[in-house]
Amino acid sequence: MQVSDPQADDGRIDISGFALVALTAMMLLSFSAAIGMAFNITGIVGSFAVSNTAAGLVATIEMSGVATGSLVFAQIAPRLDPHRVYIAAIGSIIALTGLTIWAPSIEFLYVFRGLNGFCAGAVVATVMATAGRSTAPESTFGVINSAVGVMGMVLAIILPQALKLNQVGGMGALSQVDGLYVVYLVLAAFAIAFIRFVPVAPTTTAQTHSGGRAPDLPLIGWAALLGLGMIFFGHGTLVMFIVSVGVEQVGLTPETVGLVFMFGSIFGIIAPLAAGWVGTHYKAMLPVSAIIGVMMVLAVLLSQATSPAMFYVAAPFFAMIPIAMMPIALGALARLDPSGRLAGAHPAFVTFGAAIAPLVGGAVSSAGNYTANGWLVIICSLIGGALMFNAIRTADRVRDGHAVSPVPAAGE
């Protein structure tokens, strides 16, 4: 059933045109190092002659920094001037990336990349909190999530070449991974040009009580974030091993699996845009439930795939289907909390879940087989869906005008 939005005048802002481009660019350009993390690990191993475990620890520390920065800034973003946050955070990212290029040992990387992750998390949380204030949050989140897929494809083309930058004449002082960080530094520098164009919500959206303290976020909102993190955790315990499933269990070559991922990336670009349209025009409960259900079915098919046909059908869609859910789920959180703090905090929960998924997924597959990973996805999806249920239902009621948002709107 198509519904209207009764919250159109609750202090939300119109984010469209070049303002949306600037907001999206702010996230992509500052978050590029995290998007290209798989290449970072390869470069670190080649540059510092360390194990995959040591290089993986750099990734874990950086992503933990992203999660921490997101969680901290999601709570204070409504009370801060976004432009100042972007200037400080992006300036720090540029400086820390420069120090990363200089780093003489991997121990320095642990420090510099952890701090860089925190600053990137600050940008992401501020962007998402602003997007949560949009008059059409599902559409805004759809564009942002789709753009992440585009950025992933662009980096997949650029970064392999950047790994060879040290072979260019006069660049011999650089190592393999330094070429990647040169790219990330240049991209972050480009972000500065977009800062002045990023939309800013009214400062009254601090959503404060008379004492100046922001009102507490509803418990069902935190439960929904935990549920979202649980779903991404379960998804990660299998998606991290798609290549292994394709090569070991199905008998495909890594090149063929790469082509499957390319198709999945295309789906990852289109799906958020479609989901943004659905979320803007319809309530969230049915599409969110349907996407979780489809993900569970795909998990079974993928984990038990023994033929190329099964893998071709399940792998690309399973890899990207959580992205399709995000615009709708985040739009529901934005209606539950007009301040944008819940939407701004979601990267922390998603990142923490994804960070521990490879470790747990590897242990599960080693103890049993990939079928066990598929069942773990189902269990986590059911738990995550249950945790999100009350928040989604309340957000739909708010949208219908049958309930009031648990968090006061601007000026209330």
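A few points on the structure. Predicted model, so just to flag it, every value in this text is computed and none were measured.

Quick word on unusual backbone geometry
One non-glycine residue, alanine 49, adopts positive backbone phi at about 55 degrees. Classification of alanine 49 as exposed rests on a relative accessible area of 72%.

Re the packing of aromatic side chains
Applying the stated criterion across every chain yields a total of 12 aromatic pairs. With centroids separated by 5.5 Å and ring planes inclined at 85 degrees, the aromatic side chains of tryptophan 102 and phenylalanine 108 adopt a geometry described as edge-to-face. Relative accessible area serves as the criterion here: at 52%, tryptophan 102 is assigned to the exposed category. With a centroid separation of 6.4 Å and an interplanar angle of 50 degrees, the aromatic rings of tryptophan 102 and phenylalanine 112 are classed as tilted. With tryptophan 102 in helix H5 (residues 82–102) and phenylalanine 112 in helix H6 (residues 106–131), this residue pair connects regions lying 10 residues apart in the sequence. Overall, the relative accessible area of 11% leaves phenylalanine 112 in the buried class.

Thoughts on a nonpolar patch on the surface
A cluster of nonpolar side chains, contributed by Val150, Val154, Ile157 and Ile158, occupies part of the molecular surface with about 320 Å² of accessible area. Considering the arrangement of structural elements, one finds valine 150 in helix H7 (residues 137–162).

About the thresholds
Residues numbered from 1 in each chain as written. Predicted model: local features only at pLDDT ≥ 70, side-chain atom pairs only at ≥ 80, totals over all residues. Heavy atoms only, no water. Buried < 20%, exposed > 50% of the residue type's maximum accessible area, 1.4 Å probe, protein only. Phe/Tyr/Trp six-rings, centres within 6.5 Å; stacked < 30°, edge-to-face > 60°. Helix = DSSP H or I, 4+ residues; strand = E, 2+ residues; numbered from the N terminus. Patch = residues over 30% accessible without salt bridge, like charges linked within 9 Å, V, L, I, M, F, W, Y side chains within 5 Å. Areas by Shrake-Rupley, 256 points an atom, 1.4 Å probe, with all protein chains shown as cover. Salt bridge = Lys/Arg side-chain N within 4 Å of Asp/Glu carboxyl O.

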